[in-house]
Amino acid sequence: MDVAELNAKYPITKDLAAKKETLWINPDYGKDAQLELSQEDLFDASARFERFAPYMAVAFPETAAAKGILESPLHRLNAMQKHVTAREGYDLPGALYLKADNELPISGSIKSRGGIYEVLKIAEKVAIEHGMLVYGDNYAILNQPEFKELFSHYGIAVGSTGNLGLSIGIVAAKLGFNTTVHMSMDAKQWKKDTLRSKGVNVVEYDGSFTKAITTGRELAAKDPSVFFIDDEGSTDLFLGYGVAAIRLQKQLKDMQIPVDEDHPLFVYLPAGVGGSPGGTTFGLKTIFGKNVHAIFAEPTHVPSVVLGMATGMNDKISVYDIGLDGLTEADGLAVGRPSRLAGRVMKTLLLGIATFDDDRIMKYTAEMMDQEDMKLEPSATAGFAAMRAAQGYLGEHYNMANATHIVWATGGMLVPDYEHERNYKIGEALLNDK
Ligand SMILES: *Cc1c(COP(=O)(O)O)cnc(C)c1O
């Protein structure tokens, strides 16, 4: 289909090509569908994280206090709720929270969920196949030298814009795997440096993320001892992200925040390939059902998931096909082609997607430092943009008086201070502009 045909058939593609901020509401939301993943898959992933918790606690001492379970806090955002709604001029009935995956151990990003999960699953499979591990073992034994020796005969490879490579690289290298991360040009230098310091083989590409992941996949396919973790279609990544929902349900209960017909939950998530927000949303819909609603946020220069879902073409179309450049300050979202899996699974589970101008996330990044003293990476603030864009629609369709809003902050803890300062200056200048 050429661009003219595409525009005629799917008018939204005109707005996307023009880089207009757009709110897409999913026409298939809430319809009955046979999902390819189940609640059983989700609980299987959760149980695997628990088997590995004793290993995590010894291999990564920073996780010992939480007994090797990687989880992030849920923070109430009082000051930010007042400030951002006043500045952007809209009402937000209900209460605003931040799911602080920027504080997740190991990668300081949401990728500590999916990326680490898939590495652990591979390690378990290899160790069991070699008769060195059984399910009932205390998995802390995986930290012993004979396992490092075993894993050194295997490779793990991944293509990444940065954070996925960080989470996978750090854990895979610690286990002893020969680890290769194929990095796109958007990846920050400090992420490459961190990985190299841990013994990870970092391969850099001039081209886009799509080029890095495609080349990585081809190289890995030539060597049967290499496991390629495929951000464009891995079910395991997806399920690792999904486990967040089980944990969030407990956090909300502990904080006495109800989720029911009168207290709907709205979750706003940044999307790159759509894997982390898609997996999380799958988990949320599985756990909370009809009283939770998810909305994704994407840069106007890189609206890959909305382009795929609105046209139904999913991974068969990229933002380059409609003439976009794919460039953004949100390096975690700089992915021109969506995952094969996300659009398919999200078809009936996702309420909508909002696109945003980069200026917004630079302002949110500075505001979060000013109002809440929290340091996020720009990608991680994109949920605030989806929240703003959706309120008009939500007010017309849902009972918002007692709503709970969660902006899912996807990364930031490992970002060096010079980088935070740079982002702050840009955001602050934009805020002072008007
Ligand atoms: C990876 C990432 C995302 C988006 O996740 P996808 O699985 O690519 O959709 C959002 N924010 C940050 C900080 C990320 O690293």
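Look a little higher up for the structure.
Peer 1: Just checking my understanding: could you explain unusual backbone geometry for this structure?
Peer 2: The phi torsion at Q256 lies on the positive side, around 55 degrees, for a residue other than glycine. One non-glycine residue, D373, lies in positive phi territory at about 55 degrees. Looking at where D373 falls in the secondary structure, it is placed in the loop between α15 (358-372) and α16 (382-397). Residue classification places D373 among the exposed positions, given a relative accessible area of 69%.

Peer 1: When you look at empty space enclosed by the protein in this model, what are you seeing that I'm missing?
Peer 2: Over the atoms rolls a probe the size of a water molecule, and its path tells where empty space is left. The tally for this structure, following the rule as stated, stands at four cavities of 30 Å³ or more. Within this model, the largest cavity holds a volume of roughly 230 Å³. K111, G272, S276, G332 and L333 are, among the 27 residues lining the largest cavity, the residues nearest its centre. Those elements that place two or more of their residues in the lining of the largest cavity are α7 (163-175) and α12 (275-288). Class assignment for the residues of the lining of the largest cavity results in 11 nonpolar, 13 polar and three charged. Viewed by domain, the lining of the largest cavity spans two of them, domain 1 (3-37 + 65-107 + 236-432) and domain 2 (110-232), each represented by three or more residues. Approximately 80 Å³ is the volume found for the second largest cavity. Forming the walls of the second largest cavity are K188, W190, K191, E329, D331, E377, P378, V415, E419, R422 and N423. Secondary structure elements with two or more residues in the lining of the second largest cavity: α8 (189-197) and α17 (417-433). Among the elements that line the lining of the second largest cavity, the one with the most residues is α17, at three residues. Among the residues forming the lining of the second largest cavity, the class breakdown is three nonpolar, one polar and seven charged.

The rules behind the values
Residues numbered from 1 in each chain as written. Predicted model: local features only at pLDDT ≥ 70, side-chain atom pairs only at ≥ 80, totals over all residues. Heavy atoms only, no water. Helix = DSSP H or I, 4+ residues; strand = E, 2+ residues; numbered from the N terminus. Buried < 20%, exposed > 50% of the residue type's maximum accessible area, 1.4 Å probe, protein only. 1 Å grid on protein atoms, 1.4 Å probe; cavity = no way out; pocket = protein on both sides within 12 Å on 5 of 7 lines; lining within 4 Å. Points joined across faces, edges and corners; volume = space filled by probe spheres on them. Nonpolar A, V, L, I, M, F, W, Y, C, P; charged D, E, K, R; others polar. Domains from an automatic or database assignment.

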